Amino acid sequence: MTYQPMTDLLSRHRILGRENFYEVYWVSRTSIRSVGDHRMSGDHPFAPKLEHAFTIGIELAGVRWIKPSSRGETRAAVYAAKGWVEGPLLNGTVVPMSGGDFPLVRPNGVIDFDARYLLEADNGDIIYLENRGYRWAKTPEIAEKMARNEDVDSSDYYMRVSPRFDAPEGPHEWLTRHVFVGVAEKVPDANRIHYFVVR
């Protein structure tokens with residue numbers, strides 16, 4: 001609903017008459033109070049609903065480094081050697097060596113992901129995945145462990161991605177019409193990313 005300034009409502013009062021003015025004013029006040037109540041309760045009326053769509057497990061290989069890159073940061077390259085896709089809305093495999101991640105590592109330790117690779121669905125459809133996101137450790141000690149490729153608890157770091165898909169017409173075309181959020185796990189020599197579709 002569009003909320004009008006009081007000056008506009010007063011103009012409508014002159015046009016509509018007293019009874020209609022108070023009806024418009026009451027509806028506006030009620031709607032504003034309703035939105036405010038949602039804000040206070042933490043239950044926003046437009047809060048998105050998330051549904052788990054699938055999880056992708058990727059084995060990584062062949063890491064290379066550019067230190068520093070022309071941007072003054074460290075650029076990495078690591079390939080998606082193989083992997084799997086499992087979930088209620090999509091199943092298949094990661095096409096071996098079809099791409100990888102080419103992230104920037106900032107001086108403050110934040111990793112800026114730029115991943116692109118292919119998936120093959122169970123029916124044979126090839127799906128292109130493009131991922132952007134961030135990873136950072138919550139303490140310097142955890143950052144050092146992750147740099148040594150050691151296993152750490154998922155609560156010790158932030159790792160979130162926002163993917164986009166390109167898929168052929170057919171049963172997987174829905175991937176190209178929805179927004180997704182990925183919550184990722186870093187395990188030694190691999191990533192596990194749980195994708196949720198925004199409804």
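Data block above holds the structure.
1. Describing the layout of surface pockets
No. 1: Counted as a void, the largest pocket has a volume near 870 Å³.
No. 2: Along the wall of the largest pocket there are 35 residues; nearest its centre are W65, I111, R135, M146 and K186.
No. 3: Listed by contribution, the elements that provide at least two residues to the lining of the largest pocket are β1 (50-66), β2 (74-86), β4 (100-101), β6 (111-121), β7 (126-137), α3 (140-147), β8 (157-166) and β10 (190-198).
No. 4: Top element by residues in the lining of the largest pocket is β1. It accounts for six residues.
No. 5: In terms of residue class, the lining of the largest pocket is built from 23 nonpolar, seven polar and five charged.

2. Some thoughts on the pairing of β8
A regular strand places its side chains so that they alternate between the two faces of the sheet.
No. 1: What you see with β8 is a clean split: Y157, M159, V161, P163 and F165 sit on the buried side and Y158, R160, S162, R164 and D166 on the side with no burial.
No. 2: As paired strands, β7 and β8 are joined by ten bridges and run antiparallel to one another. The residue of β8 that forms the bridge with Y128 is D166.
No. 3: Here β8 runs beside strand β9 (residues 180-187); their pairing, made up of two bridges, is antiparallel. Within β9, the position partnered with R160 by the bridge is V183.

Each value, and the rule that gives it
- Residues numbered from 1 in each chain as written.
- Predicted model: local features only at pLDDT ≥ 70, side-chain atom pairs only at ≥ 80, totals over all residues.
- Heavy atoms only, no water.
- 1 Å grid on protein atoms, 1.4 Å probe; cavity = no way out; pocket = protein on both sides within 12 Å on 5 of 7 lines; lining within 4 Å.
- Points joined across faces, edges and corners; volume = space filled by probe spheres on them.
- Helix = DSSP H or I, 4+ residues; strand = E, 2+ residues; numbered from the N terminus.
- Nonpolar A, V, L, I, M, F, W, Y, C, P; charged D, E, K, R; others polar.
- Buried < 20%, exposed > 50% of the residue type's maximum accessible area, 1.4 Å probe, protein only.
- Pairing = 2+ DSSP bridges.

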